[in-house]
Protein chains: 2
Amino acid sequence: MSGEEKKRIPKTTVYRLSVYYRALSNLEEEGVDSISSADLSEIAGFSAAQIRKDLTYYGQFGRPGRGYVVSHLKSQLRTILGIDRDWSVALVGVGRLGRALLAYKGFRKQNFIIEAAFDNDPEKVGKEFSGVRVYHQDEMDKVIRSKKIEMGIVTVPEEVAEIIVAKLIDAGIKAILSFAHLPSIFSNGIKVNQVDLSIEMEGLSYYLTHSK
Amino acid sequence: MSGEEKKRIPKTTVYRLSVYYRALSNLEEEGVDSISSADLSEIAGFSAAQIRKDLTYYGQFGRPGRGYVVSHLKSQLRTILGIDRDWSVALVGVGRLGRALLAYKGFRKQNFIIEAAFDNDPEKVGKEFSGVRVYHQDEMDKVIRSKKIEMGIVTVPEEVAEIIVAKLIDAGIKAILSFAHLPSIFSNGIKVNQVDLSIEMEGLSYYLTHSK
DNA sequence: CTTTGTGAAGTGATTCACAGCA
DNA sequence: TGCTGTGAATCACTTCACAAAG
(Lines give C-alpha, C1' and ligand atoms only; values in the text may rest on other atoms or scores of the structure.)
Protein backbone atom coordinates (compact mmCIF):
# COMPACT_ATOMS: atom_id res chain seq x y z
CA MET A 1 0.00 0.00 0.00
CA SER A 2 2.80 2.39 0.81
CA GLY A 3 5.88 1.08 -1.00
CA GLU A 4 5.09 2.39 -4.47
CA GLU A 5 7.91 2.38 -7.02
CA LYS A 6 8.35 5.48 -9.09
CA LYS A 7 10.47 4.38 -12.02
CA ARG A 8 11.81 1.28 -13.54
CA ILE A 9 15.52 1.18 -12.84
CA PRO A 10 17.59 -0.48 -15.59
CA LYS A 11 19.41 -3.60 -14.48
CA THR A 12 22.83 -2.24 -15.28
CA THR A 13 22.42 1.01 -13.41
CA VAL A 14 23.58 -0.35 -10.07
CA TYR A 15 26.69 -1.73 -11.64
CA ARG A 16 27.47 1.67 -13.11
CA LEU A 17 26.90 3.28 -9.73
CA SER A 18 29.68 1.10 -8.40
CA VAL A 19 31.96 2.44 -11.13
CA TYR A 20 31.01 6.01 -10.26
CA TYR A 21 31.66 5.23 -6.63
CA ARG A 22 35.16 4.03 -7.35
CA ALA A 23 35.88 7.03 -9.57
CA LEU A 24 34.68 9.36 -6.82
CA SER A 25 36.91 7.62 -4.29
CA ASN A 26 39.91 8.35 -6.50
CA LEU A 27 38.81 11.94 -7.01
CA GLU A 28 38.42 12.47 -3.30
CA GLU A 29 41.97 11.23 -2.72
CA GLU A 30 43.18 13.71 -5.31
CA GLY A 31 41.43 16.50 -3.43
CA VAL A 32 38.76 17.21 -6.03
CA ASP A 33 35.65 18.38 -4.25
CA SER A 34 33.19 18.99 -7.04
CA ILE A 35 32.60 17.45 -10.46
CA SER A 36 30.18 17.76 -13.37
CA SER A 37 28.54 14.81 -15.07
CA ALA A 38 30.56 15.68 -18.18
CA ASP A 39 33.87 15.40 -16.33
CA LEU A 40 32.83 12.27 -14.46
CA SER A 41 31.89 10.85 -17.83
CA GLU A 42 35.53 11.12 -18.95
CA ILE A 43 36.71 9.17 -15.93
CA ALA A 44 33.98 6.59 -15.60
CA GLY A 45 33.54 5.87 -19.28
CA PHE A 46 29.77 6.32 -19.50
CA SER A 47 27.95 9.22 -21.11
CA ALA A 48 27.10 12.30 -19.06
CA ALA A 49 23.40 11.81 -19.77
CA GLN A 50 23.68 8.23 -18.60
CA ILE A 51 25.28 9.31 -15.36
CA ARG A 52 22.61 11.93 -14.68
CA LYS A 53 19.84 9.45 -15.46
CA ASP A 54 21.35 6.78 -13.25
CA LEU A 55 21.68 9.15 -10.33
CA THR A 56 18.21 10.63 -10.61
CA TYR A 57 16.66 7.18 -10.22
CA TYR A 58 17.72 7.53 -6.61
CA GLY A 59 17.41 11.24 -5.96
CA GLN A 60 18.65 14.67 -6.92
CA PHE A 61 22.24 14.89 -5.81
CA GLY A 62 23.59 17.68 -8.01
CA ARG A 63 23.15 21.37 -8.36
CA PRO A 64 22.49 23.00 -11.73
CA GLY A 65 25.45 25.07 -12.86
CA ARG A 66 27.67 23.52 -10.16
CA GLY A 67 27.75 19.79 -10.64
CA TYR A 68 28.05 17.24 -7.85
CA VAL A 69 29.87 17.54 -4.54
CA VAL A 70 32.25 14.57 -4.51
CA SER A 71 32.07 13.71 -0.81
CA HIS A 72 28.30 14.06 -0.71
CA LEU A 73 27.65 11.98 -3.81
CA LYS A 74 30.10 9.36 -2.62
CA SER A 75 28.31 8.96 0.68
CA GLN A 76 24.93 8.80 -1.09
CA LEU A 77 26.29 6.04 -3.29
CA ARG A 78 27.57 4.14 -0.27
CA THR A 79 24.03 4.07 1.04
CA ILE A 80 22.49 3.12 -2.30
CA LEU A 81 25.03 0.35 -2.84
CA GLY A 82 24.56 -0.98 0.67
CA ILE A 83 28.21 -0.57 1.59
CA ASP A 84 27.54 1.90 4.37
CA ARG A 85 27.54 -0.91 6.90
CA ASP A 86 29.43 -4.08 7.72
CA TRP A 87 28.54 -7.45 6.24
CA SER A 88 29.35 -10.54 8.22
CA VAL A 89 30.94 -13.33 6.29
CA ALA A 90 31.84 -16.98 6.80
CA LEU A 91 34.54 -18.78 4.85
CA VAL A 92 34.28 -22.52 4.21
CA GLY A 93 37.39 -24.49 3.29
CA VAL A 94 40.56 -23.41 5.07
CA GLY A 95 42.93 -24.68 2.40
CA ARG A 96 45.64 -22.68 0.74
CA LEU A 97 43.28 -20.36 -1.09
CA GLY A 98 41.03 -20.09 1.94
CA ARG A 99 43.89 -19.04 4.21
CA ALA A 100 45.07 -16.51 1.64
CA LEU A 101 41.62 -14.98 1.53
CA LEU A 102 41.44 -14.92 5.33
CA ALA A 103 44.65 -12.90 5.26
CA TYR A 104 43.51 -10.71 2.36
CA LYS A 105 42.86 -7.19 3.62
CA GLY A 106 40.72 -6.18 0.66
CA PHE A 107 37.56 -7.70 2.11
CA ARG A 108 37.74 -5.79 5.36
CA LYS A 109 38.37 -2.58 3.43
CA GLN A 110 35.03 -3.09 1.77
CA ASN A 111 33.33 -3.78 5.09
CA PHE A 112 33.16 -7.53 4.68
CA ILE A 113 34.07 -8.91 8.08
CA ILE A 114 34.95 -12.60 8.14
CA GLU A 115 33.49 -13.80 11.42
CA ALA A 116 34.10 -17.53 11.17
CA ALA A 117 35.84 -20.18 9.08
CA PHE A 118 34.86 -23.83 8.65
CA ASP A 119 36.80 -26.95 7.75
CA ASN A 120 36.42 -30.67 8.33
CA ASP A 121 40.10 -31.24 9.11
CA PRO A 122 40.45 -31.84 12.90
CA GLU A 123 43.98 -30.39 12.68
CA LYS A 124 42.56 -27.00 11.73
CA VAL A 125 39.45 -26.93 13.89
CA GLY A 126 39.89 -24.71 16.94
CA LYS A 127 42.85 -22.86 15.44
CA GLU A 128 42.87 -19.28 14.23
CA PHE A 129 44.11 -18.02 10.87
CA SER A 130 44.58 -14.27 10.49
CA GLY A 131 42.48 -13.87 13.59
CA VAL A 132 39.58 -15.96 12.35
CA ARG A 133 38.53 -19.00 14.36
CA VAL A 134 38.05 -22.29 12.50
CA TYR A 135 34.99 -24.36 13.39
CA HIS A 136 34.09 -27.86 12.30
CA GLN A 137 31.76 -28.03 9.32
CA ASP A 138 29.15 -29.80 11.46
CA GLU A 139 28.79 -26.58 13.43
CA MET A 140 28.07 -24.48 10.37
CA ASP A 141 24.37 -24.14 10.90
CA LYS A 142 24.69 -23.32 14.59
CA VAL A 143 27.54 -20.81 14.25
CA ILE A 144 26.09 -19.05 11.20
CA ARG A 145 22.77 -18.58 12.90
CA SER A 146 24.17 -17.46 16.22
CA LYS A 147 26.57 -14.98 14.61
CA LYS A 148 23.90 -13.88 12.14
CA ILE A 149 26.26 -14.36 9.21
CA GLU A 150 24.86 -13.15 5.89
CA MET A 151 27.39 -14.17 3.29
CA GLY A 152 29.56 -17.20 2.57
CA ILE A 153 32.85 -17.61 0.73
CA VAL A 154 33.33 -21.15 -0.58
CA THR A 155 36.91 -22.34 -1.12
CA VAL A 156 36.39 -26.08 -0.85
CA PRO A 157 37.28 -28.62 -3.56
CA GLU A 158 34.88 -28.79 -6.45
CA GLU A 159 33.51 -32.22 -5.47
CA VAL A 160 31.96 -30.97 -2.27
CA ALA A 161 31.17 -27.38 -3.25
CA GLU A 162 27.58 -28.14 -4.15
CA ILE A 163 26.85 -29.79 -0.80
CA ILE A 164 28.49 -26.94 1.10
CA VAL A 165 26.46 -24.38 -0.80
CA ALA A 166 23.26 -26.28 -0.01
CA LYS A 167 24.21 -26.32 3.68
CA LEU A 168 24.94 -22.60 3.68
CA ILE A 169 21.57 -21.92 2.11
CA ASP A 170 19.89 -24.08 4.72
CA ALA A 171 21.68 -22.11 7.40
CA GLY A 172 19.99 -18.99 6.09
CA ILE A 173 22.87 -17.36 4.27
CA LYS A 174 21.89 -14.76 1.68
CA ALA A 175 24.84 -14.52 -0.70
CA ILE A 176 27.63 -16.80 -1.71
CA LEU A 177 30.96 -16.25 -3.38
CA SER A 178 32.22 -19.54 -4.73
CA PHE A 179 35.68 -20.26 -6.07
CA ALA A 180 34.56 -23.70 -7.22
CA HIS A 181 32.38 -24.54 -10.18
CA LEU A 182 28.76 -24.98 -9.34
CA PRO A 183 25.63 -25.89 -11.20
CA SER A 184 24.14 -22.70 -12.56
CA ILE A 185 20.95 -22.62 -10.60
CA PHE A 186 20.08 -22.50 -6.98
CA SER A 187 16.40 -21.96 -6.72
CA ASN A 188 15.89 -20.28 -3.37
CA GLY A 189 16.66 -16.81 -4.63
CA ILE A 190 20.19 -17.06 -3.28
CA LYS A 191 22.79 -15.31 -5.35
CA VAL A 192 25.89 -17.34 -6.07
CA ASN A 193 28.85 -15.41 -7.35
CA GLN A 194 31.26 -17.67 -9.03
CA VAL A 195 34.87 -16.64 -9.40
CA ASP A 196 35.70 -18.29 -12.58
CA LEU A 197 38.36 -17.13 -14.96
CA SER A 198 36.94 -16.62 -18.35
CA ILE A 199 38.12 -14.62 -21.24
CA GLU A 200 37.96 -10.94 -21.88
CA MET A 201 40.26 -10.26 -24.75
CA GLU A 202 40.55 -9.93 -28.50
CA GLY A 203 36.95 -9.07 -29.15
CA LEU A 204 35.69 -11.90 -27.03
CA SER A 205 34.16 -10.51 -23.95
CA TYR A 206 32.17 -12.09 -21.24
CA TYR A 207 32.03 -11.63 -17.56
CA LEU A 208 34.77 -13.14 -15.56
CA THR A 209 32.41 -13.45 -12.68
CA HIS A 210 28.73 -13.36 -12.89
CA SER A 211 25.79 -13.63 -10.65
CA LYS A 212 22.42 -15.20 -11.10
CA MET B 1 36.25 -5.51 -47.85
CA SER B 2 35.61 -9.13 -46.94
CA GLY B 3 34.79 -9.15 -43.22
CA GLU B 4 31.12 -8.20 -43.43
CA GLU B 5 29.04 -8.62 -40.30
CA LYS B 6 25.64 -10.22 -40.66
CA LYS B 7 23.86 -9.28 -37.48
CA ARG B 8 24.37 -7.13 -34.48
CA ILE B 9 25.06 -9.40 -31.53
CA PRO B 10 23.76 -8.11 -28.19
CA LYS B 11 26.46 -7.40 -25.65
CA THR B 12 25.16 -9.88 -23.11
CA THR B 13 24.88 -12.80 -25.50
CA VAL B 14 28.44 -14.00 -24.98
CA TYR B 15 27.97 -13.99 -21.26
CA ARG B 16 24.86 -16.13 -21.63
CA LEU B 17 26.75 -18.51 -23.92
CA SER B 18 29.15 -19.12 -21.04
CA VAL B 19 26.18 -20.04 -18.85
CA TYR B 20 24.86 -22.42 -21.52
CA TYR B 21 28.33 -23.91 -21.78
CA ARG B 22 28.48 -24.63 -18.09
CA ALA B 23 24.99 -26.12 -18.10
CA LEU B 24 25.92 -28.36 -21.03
CA SER B 25 29.05 -29.52 -19.19
CA ASN B 26 26.89 -30.64 -16.29
CA LEU B 27 24.41 -32.33 -18.63
CA GLU B 28 27.20 -34.19 -20.38
CA GLU B 29 28.45 -35.53 -17.05
CA GLU B 30 24.94 -36.73 -16.30
CA GLY B 31 24.89 -38.59 -19.59
CA VAL B 32 22.27 -36.45 -21.30
CA ASP B 33 23.02 -36.38 -24.99
CA SER B 34 20.30 -34.19 -26.43
CA ILE B 35 18.33 -31.22 -25.14
CA SER B 36 15.70 -28.78 -26.37
CA SER B 37 15.90 -25.04 -25.89
CA ALA B 38 12.87 -25.32 -23.59
CA ASP B 39 14.65 -27.76 -21.27
CA LEU B 40 17.92 -25.87 -21.38
CA SER B 41 15.92 -22.80 -20.45
CA GLU B 42 14.93 -24.46 -17.16
CA ILE B 43 18.55 -25.14 -16.29
CA ALA B 44 20.21 -21.99 -17.56
CA GLY B 45 17.56 -19.56 -16.42
CA PHE B 46 17.04 -17.70 -19.71
CA SER B 47 14.03 -18.00 -21.98
CA ALA B 48 13.97 -20.65 -24.70
CA ALA B 49 13.56 -17.96 -27.37
CA GLN B 50 16.56 -16.14 -25.94
CA ILE B 51 18.67 -19.27 -26.12
CA ARG B 52 17.71 -19.96 -29.72
CA LYS B 53 18.37 -16.36 -30.70
CA ASP B 54 21.75 -16.33 -28.99
CA LEU B 55 22.84 -19.51 -30.70
CA THR B 56 21.70 -18.53 -34.17
CA TYR B 57 23.93 -15.45 -34.08
CA TYR B 58 26.75 -17.92 -34.52
CA GLY B 59 25.19 -20.66 -36.60
CA GLN B 60 22.50 -23.30 -36.75
CA PHE B 61 23.39 -25.91 -34.21
CA GLY B 62 20.05 -27.58 -33.59
CA ARG B 63 17.68 -29.80 -35.48
CA PRO B 64 13.95 -29.06 -35.64
CA GLY B 65 11.96 -31.64 -33.73
CA ARG B 66 15.11 -32.98 -32.06
CA GLY B 67 16.78 -30.15 -30.18
CA TYR B 68 20.52 -29.78 -29.71
CA VAL B 69 23.13 -32.52 -29.39
CA VAL B 70 24.86 -31.75 -26.11
CA SER B 71 28.40 -32.75 -27.06
CA HIS B 72 28.22 -30.98 -30.41
CA LEU B 73 26.79 -27.75 -29.03
CA LYS B 74 29.29 -27.80 -26.20
CA SER B 75 32.21 -28.05 -28.59
CA GLN B 76 30.78 -25.29 -30.78
CA LEU B 77 30.52 -23.08 -27.71
CA ARG B 78 34.11 -23.84 -26.77
CA THR B 79 35.16 -22.45 -30.10
CA ILE B 80 32.90 -19.41 -29.90
CA LEU B 81 34.05 -18.60 -26.38
CA GLY B 82 37.69 -19.02 -27.29
CA ILE B 83 38.29 -21.73 -24.69
CA ASP B 84 39.24 -24.36 -27.23
CA ARG B 85 42.89 -23.54 -26.74
CA ASP B 86 45.35 -22.70 -23.98
CA TRP B 87 45.96 -19.16 -22.76
CA SER B 88 49.34 -18.32 -21.31
CA VAL B 89 49.28 -16.33 -18.11
CA ALA B 90 51.73 -14.47 -15.89
CA LEU B 91 51.15 -13.81 -12.20
CA VAL B 92 52.67 -10.73 -10.56
CA GLY B 93 53.05 -10.62 -6.79
CA VAL B 94 54.01 -13.92 -5.18
CA GLY B 95 52.55 -13.12 -1.79
CA ARG B 96 50.13 -15.27 0.12
CA LEU B 97 47.26 -14.79 -2.32
CA GLY B 98 49.60 -15.12 -5.29
CA ARG B 99 50.98 -18.45 -4.07
CA ALA B 100 47.48 -19.73 -3.39
CA LEU B 101 46.47 -18.87 -6.94
CA LEU B 102 49.60 -20.53 -8.32
CA ALA B 103 48.51 -23.68 -6.51
CA TYR B 104 44.86 -23.31 -7.53
CA LYS B 105 43.98 -26.01 -10.03
CA GLY B 106 40.89 -24.21 -11.34
CA PHE B 107 42.86 -22.08 -13.76
CA ARG B 108 44.52 -24.98 -15.51
CA LYS B 109 41.16 -26.72 -15.80
CA GLN B 110 39.99 -23.78 -17.85
CA ASN B 111 43.08 -23.84 -20.04
CA PHE B 112 44.83 -20.94 -18.35
CA ILE B 113 48.45 -21.99 -18.04
CA ILE B 114 50.53 -19.89 -15.67
CA GLU B 115 53.90 -19.71 -17.40
CA ALA B 116 55.75 -17.30 -15.14
CA ALA B 117 55.49 -15.43 -11.86
CA PHE B 118 57.10 -12.13 -10.89
CA ASP B 119 58.12 -10.58 -7.59
CA ASN B 120 60.64 -8.01 -6.42
CA ASP B 121 61.68 -9.95 -3.32
CA PRO B 122 65.18 -11.43 -3.98
CA GLU B 123 64.30 -14.27 -1.59
CA LYS B 124 61.61 -15.47 -3.98
CA VAL B 125 63.28 -14.80 -7.32
CA GLY B 126 64.61 -17.99 -8.90
CA LYS B 127 62.42 -20.23 -6.76
CA GLU B 128 59.45 -22.22 -7.96
CA PHE B 129 55.97 -22.29 -6.44
CA SER B 130 53.61 -25.02 -7.60
CA GLY B 131 55.93 -25.57 -10.52
CA VAL B 132 55.99 -21.94 -11.62
CA ARG B 133 59.33 -20.11 -11.77
CA VAL B 134 59.55 -16.69 -10.11
CA TYR B 135 61.36 -13.95 -12.03
CA HIS B 136 62.37 -10.50 -10.88
CA GLN B 137 59.94 -7.77 -11.81
CA ASP B 138 62.62 -6.06 -13.88
CA GLU B 139 62.49 -9.02 -16.24
CA MET B 140 58.77 -8.74 -16.81
CA ASP B 141 58.94 -7.19 -20.23
CA LYS B 142 61.57 -9.62 -21.49
CA VAL B 143 59.96 -12.79 -20.12
CA ILE B 144 56.43 -11.86 -21.16
CA ARG B 145 57.51 -11.15 -24.70
CA SER B 146 59.70 -14.21 -25.06
CA LYS B 147 57.05 -16.54 -23.66
CA LYS B 148 54.32 -14.74 -25.61
CA ILE B 149 52.20 -14.36 -22.49
CA GLU B 150 48.73 -12.97 -23.15
CA MET B 151 47.16 -12.46 -19.75
CA GLY B 152 48.28 -11.17 -16.37
CA ILE B 153 47.03 -11.84 -12.85
CA VAL B 154 47.88 -9.02 -10.45
CA THR B 155 48.17 -9.90 -6.77
CA VAL B 156 50.45 -7.09 -5.61
CA PRO B 157 49.58 -4.56 -2.87
CA GLU B 158 47.22 -1.83 -3.88
CA GLU B 159 49.88 0.89 -3.80
CA VAL B 160 51.86 -0.58 -6.68
CA ALA B 161 49.04 -2.23 -8.63
CA GLU B 162 48.64 0.66 -11.01
CA ILE B 163 52.33 0.71 -11.95
CA ILE B 164 52.38 -3.05 -12.45
CA VAL B 165 49.35 -2.90 -14.69
CA ALA B 166 50.98 -0.16 -16.78
CA LYS B 167 54.11 -2.32 -17.12
CA LEU B 168 52.07 -5.34 -18.17
CA ILE B 169 50.32 -3.28 -20.81
CA ASP B 170 53.66 -2.01 -22.08
CA ALA B 171 54.86 -5.60 -22.30
CA GLY B 172 52.00 -6.28 -24.70
CA ILE B 173 49.65 -8.16 -22.44
CA LYS B 174 46.04 -8.29 -23.59
CA ALA B 175 43.98 -9.01 -20.49
CA ILE B 176 44.45 -8.47 -16.81
CA LEU B 177 42.81 -9.92 -13.74
CA SER B 178 43.50 -7.68 -10.78
CA PHE B 179 42.86 -8.46 -7.14
CA ALA B 180 43.76 -4.89 -6.18
CA HIS B 181 41.70 -1.80 -6.71
CA LEU B 182 42.58 0.12 -9.81
CA PRO B 183 41.49 3.35 -11.40
CA SER B 184 38.56 2.59 -13.65
CA ILE B 185 40.09 3.34 -16.97
CA PHE B 186 43.02 2.02 -18.88
CA SER B 187 42.86 3.50 -22.30
CA ASN B 188 44.70 1.08 -24.55
CA GLY B 189 41.76 -1.21 -25.07
CA ILE B 190 43.10 -3.56 -22.43
CA LYS B 191 40.47 -5.29 -20.40
CA VAL B 192 41.05 -5.20 -16.68
CA ASN B 193 38.99 -7.59 -14.64
CA GLN B 194 38.89 -6.55 -11.08
CA VAL B 195 38.08 -9.09 -8.41
CA ASP B 196 36.33 -6.94 -5.99
CA LEU B 197 33.77 -8.14 -3.55
CA SER B 198 30.61 -6.25 -3.92
CA ILE B 199 27.12 -7.01 -2.91
CA GLU B 200 24.53 -9.21 -4.52
CA MET B 201 21.79 -9.65 -2.01
CA GLU B 202 18.50 -8.35 -0.73
CA GLY B 203 17.42 -6.65 -3.90
CA LEU B 204 20.76 -4.95 -4.30
CA SER B 205 22.52 -6.43 -7.21
CA TYR B 206 25.62 -5.45 -9.01
CA TYR B 207 28.44 -7.34 -10.51
CA LEU B 208 31.00 -8.72 -8.17
CA THR B 209 33.51 -8.51 -10.91
CA HIS B 210 33.25 -6.43 -13.95
CA SER B 211 35.24 -5.63 -16.97
CA LYS B 212 35.71 -2.47 -18.92
C1' DC C 1 27.15 31.03 -18.88
C1' DT C 2 27.12 26.35 -16.78
C1' DT C 3 25.11 22.24 -15.59
C1' DT C 4 21.28 19.51 -13.69
C1' DG C 5 17.03 16.83 -14.22
C1' DT C 6 13.77 14.92 -17.34
C1' DG C 7 10.14 13.99 -20.94
C1' DA C 8 10.42 12.66 -25.76
C1' DA C 9 12.81 10.36 -29.37
C1' DG C 10 15.74 6.97 -30.87
C1' DT C 11 18.26 2.70 -30.48
C1' DG C 12 18.97 -1.82 -28.92
C1' DA C 13 17.44 -6.34 -26.85
C1' DT C 14 13.90 -9.76 -25.87
C1' DT C 15 9.76 -12.10 -26.61
C1' DC C 16 6.08 -13.61 -29.68
C1' DA C 17 4.33 -16.46 -32.87
C1' DC C 18 4.57 -19.25 -36.65
C1' DA C 19 6.50 -21.28 -41.13
C1' DG C 20 9.13 -25.03 -42.15
C1' DC C 21 11.74 -29.11 -41.19
C1' DA C 22 12.35 -33.84 -38.91
C1' DT D 1 3.79 -34.23 -33.26
C1' DG D 2 7.96 -31.58 -31.58
C1' DC D 3 11.13 -28.20 -32.01
C1' DT D 4 14.22 -24.97 -34.49
C1' DG D 5 15.15 -20.63 -36.69
C1' DT D 6 13.54 -16.07 -37.54
C1' DG D 7 10.94 -11.83 -38.94
C1' DA D 8 7.66 -8.82 -36.54
C1' DA D 9 6.12 -6.81 -32.39
C1' DT D 10 7.06 -5.50 -27.90
C1' DC D 11 9.70 -4.03 -24.25
C1' DA D 12 13.80 -1.89 -22.15
C1' DC D 13 17.59 1.23 -22.19
C1' DT D 14 20.18 5.19 -23.79
C1' DT D 15 20.67 9.53 -25.87
C1' DC D 16 18.77 13.99 -27.19
C1' DA D 17 17.55 18.36 -26.27
C1' DC D 18 15.89 21.81 -23.52
C1' DA D 19 13.45 24.17 -19.52
C1' DA D 20 14.74 25.55 -15.11
C1' DA D 21 18.17 26.59 -11.57
C1' DG D 22 22.46 28.54 -9.87
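Below or above, wherever it landed, is the structure these notes cover.

What follows deals with the overall build of chain A. Helix and strand counts for chain A come out as 8 helices and 11 strands. In chain A, buried positions account for 50% of the 212 residues. For chain A, the proportion of contacts with a sequence separation of at least 24, taken over those separated by at least 6, is 54%. Counting every atom, chain A has about 10,500 Å² of accessible surface; 47% of that belongs to carbon and sulfur.

Around DNA strand D there are 26 residues in total, and A:Arg16, A:Ser47, B:Ser37, B:Arg52 and B:Tyr68 lie nearest to it. Close to the protein, within 4 Å, the atoms of DNA strand D belong to sugar or phosphate groups at a rate of 66%. In the environment of DNA strand D, a phosphate oxygen lies 3.4 Å from a nitrogen or oxygen atom belonging to the side chain of A:Arg8. Between A:Arg16 and DNA strand D, the recorded distance is 2.8 Å, taken from a side-chain N or O atom to a phosphate oxygen. Looking at the surface near DNA strand D, the elements that each hand over two or more residues are α3 (48-56) of chain A together with α3 (48-56), β2 (62-63) and β3 (67-69) of chain B. Among the residues forming the surface near DNA strand D, the class breakdown is 6 nonpolar, 10 polar and 10 charged.

It is worth spelling out unusual backbone geometry at this point. The backbone of A:Ser130 shows a phi angle near 50°, a positive value even though the residue is not glycine. Here A:Ser130 is to be found in the loop between β6 (128-129) and β7 (132-136). The class of A:Ser130 is partly exposed, set by a relative accessible area of 45%. In this structure, B:Lys148 is a non-glycine residue whose phi angle is positive, near 50°.

Lining the immediate environment of DNA strand C, one finds 24 residues, of which A:Ser37, A:Arg52, A:Gly65, A:Tyr68 and B:Ser47 sit closest. Per the 4 Å cut-off to the protein, sugar and phosphate atoms form 67% of the nearby atoms of DNA strand C. One of the backbone N or O atoms of A:Ser37 is found 2.6 Å from a phosphate oxygen in DNA strand C. B:Ser47 places a polar side-chain atom, nitrogen or oxygen, 2.8 Å from a phosphate oxygen of DNA strand C. At the level of elements, α3, β2 (62-63) and β3 (67-69) of chain A together with α3 of chain B are the ones that each hand at least two residues to the surface near DNA strand C. Classifying every residue of the surface near DNA strand C gives 5 nonpolar, 10 polar and 9 charged.

All chains considered together, the criterion is met by 4 aromatic pairs over all chains. Plain terms: the ring middles of A:Tyr20 and A:Phe46 are 6.2 Å apart, the flat faces sit at 80° to each other, and that makes the pair edge-to-face. In this pair, A:Tyr20 is assigned in helix α1 (residues 13-29) and A:Phe46 in the loop between α2 (37-44) and α3, connecting sequence segments 26 residues apart. Seen from their ring centres, B:Phe118 and B:Tyr135 are 5.8 Å apart, and the 40° between their planes marks the pair as tilted. Of this pair, B:Phe118 sits in strand β5 (residues 112-119) while B:Tyr135 sits in strand β7 (residues 132-136), placing them 17 residues apart in sequence. The same class applies to B:Phe118 and to B:Tyr135, which are both buried. The cationic tip of A:Arg16 hangs over the ring face of A:Phe46; the distance from NZ or CZ to the ring centre is 5.8 Å.

What counts, and where the lines are drawn
Residues numbered from 1 in each chain as written. Chains lettered and ligands numbered in written order. Predicted model: local features only at pLDDT ≥ 70, side-chain atom pairs only at ≥ 80, totals over all residues. Heavy atoms only, no water. Helix = DSSP H or I, 4+ residues; strand = E, 2+ residues; numbered from the N terminus. Buried < 20%, exposed > 50% of the residue type's maximum accessible area, 1.4 Å probe, protein only. Contact = heavy atoms within 4.5 Å. Areas by Shrake-Rupley, 256 points an atom, 1.4 Å probe, with all protein chains shown as cover. Near = heavy atom within 4 Å. Polar contact = N/O pair within 3.5 Å; in protein donor to acceptor, adjacent residues only side chain to side chain. Nonpolar A, V, L, I, M, F, W, Y, C, P; charged D, E, K, R; others polar. Phe/Tyr/Trp six-rings, centres within 6.5 Å; stacked < 30°, edge-to-face > 60°. Lys NZ or Arg CZ within 6 Å of the ring centre and 35° of its normal.

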